[in-house]
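Each chain, letter by letter, is given below.
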Amino acid sequence: MKTNSQYNPQPIDTSDITLPKDMENLVELIARNVHQVWASSRLSQGWTWGERRSDELKTHPCLVPYDELTETEKQYDRDTALGTLKLIIKLGYKISK
């Protein structure tokens, strides 16, 4: 795989977007699902739980249910969910229940 040291990511700026309060629960639901999708993918690739991440042994300490993750790991998933929701709104889409 080639790497490009000139790569300069430029995500769409969503700092001006504030989610409505009623979407806080949606952020958590999406974060849980993000973890489920990630874990499912890893498990299907032959990864298993291990105290330490090892690409060689295919072990990862986060292959546990969402509720057992550290707050730091949960926040990573929440940030992904929050960023996605803010981008959807920034692009002009509406989210309704």
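Look a little higher up for the structure.
The structure displayed is predicted, hence computed values, not measured ones.

1. Some thoughts on unusual backbone geometry
Consideration 1: Phi is positive for K58, which is not a glycine, with a value near 55°.
Consideration 2: Here K58 shows up in the loop between β1 (48-49) and β2 (59-60).

2. What to know about the side chain of K74
Consideration 1: Summarising the element assignment, K74 is placed in helix α2 (residues 71-90).
Consideration 2: With a relative accessible area of 11%, K74 lands in the buried category.
Consideration 3: Non-local contacts of K74, meaning those with residues more than four positions away in its chain, are made with Y66, D67 and L69.

3. Comments concerning the layout of surface pockets
Consideration 1: Within this model, the largest pocket holds a volume of roughly 190 Å³.
Consideration 2: The residue inventory of the lining of the largest pocket, partitioned by class, reads four nonpolar, two polar and two charged.

4. Focus on the packing of helix α1 (residues 24-44) against α2
Consideration 1: Where α1 contacts α2, the axes come no closer than 8 Å and their chain directions differ by 120°. It follows that α1 is oblique to α2 by the angle criterion. Viewed along their axes, α1 and α2 form a crossing whose handedness is right-handed. Packed against α1, whose contacting residues are L26, V27, E28, I30, A31, V34 and H35, the element α2 presents D77, R78, T80, A81, L82 and L85 at the interface.
Consideration 2: A breakdown of the residues in the contact of α1 with α2 according to their chemical character gives eight nonpolar, two polar and three charged.

Analysis parameters
- Residues numbered from 1 in each chain as written.
- Predicted model: local features only at pLDDT ≥ 70, side-chain atom pairs only at ≥ 80, totals over all residues.
- Heavy atoms only, no water.
- Helix = DSSP H or I, 4+ residues; strand = E, 2+ residues; numbered from the N terminus.
- Buried < 20%, exposed > 50% of the residue type's maximum accessible area, 1.4 Å probe, protein only.
- Contact = heavy atoms within 4.5 Å.
- 1 Å grid on protein atoms, 1.4 Å probe; cavity = no way out; pocket = protein on both sides within 12 Å on 5 of 7 lines; lining within 4 Å.
- Points joined across faces, edges and corners; volume = space filled by probe spheres on them.
- Nonpolar A, V, L, I, M, F, W, Y, C, P; charged D, E, K, R; others polar.
- Axes fitted to C-alpha atoms, helices over the stretch in contact; angles between N-to-C directions.
- Parallel < 35°, antiparallel > 145°, perpendicular 65-115°, else oblique.
- Left-handed = near helix turned anticlockwise from the far one by under 90°.

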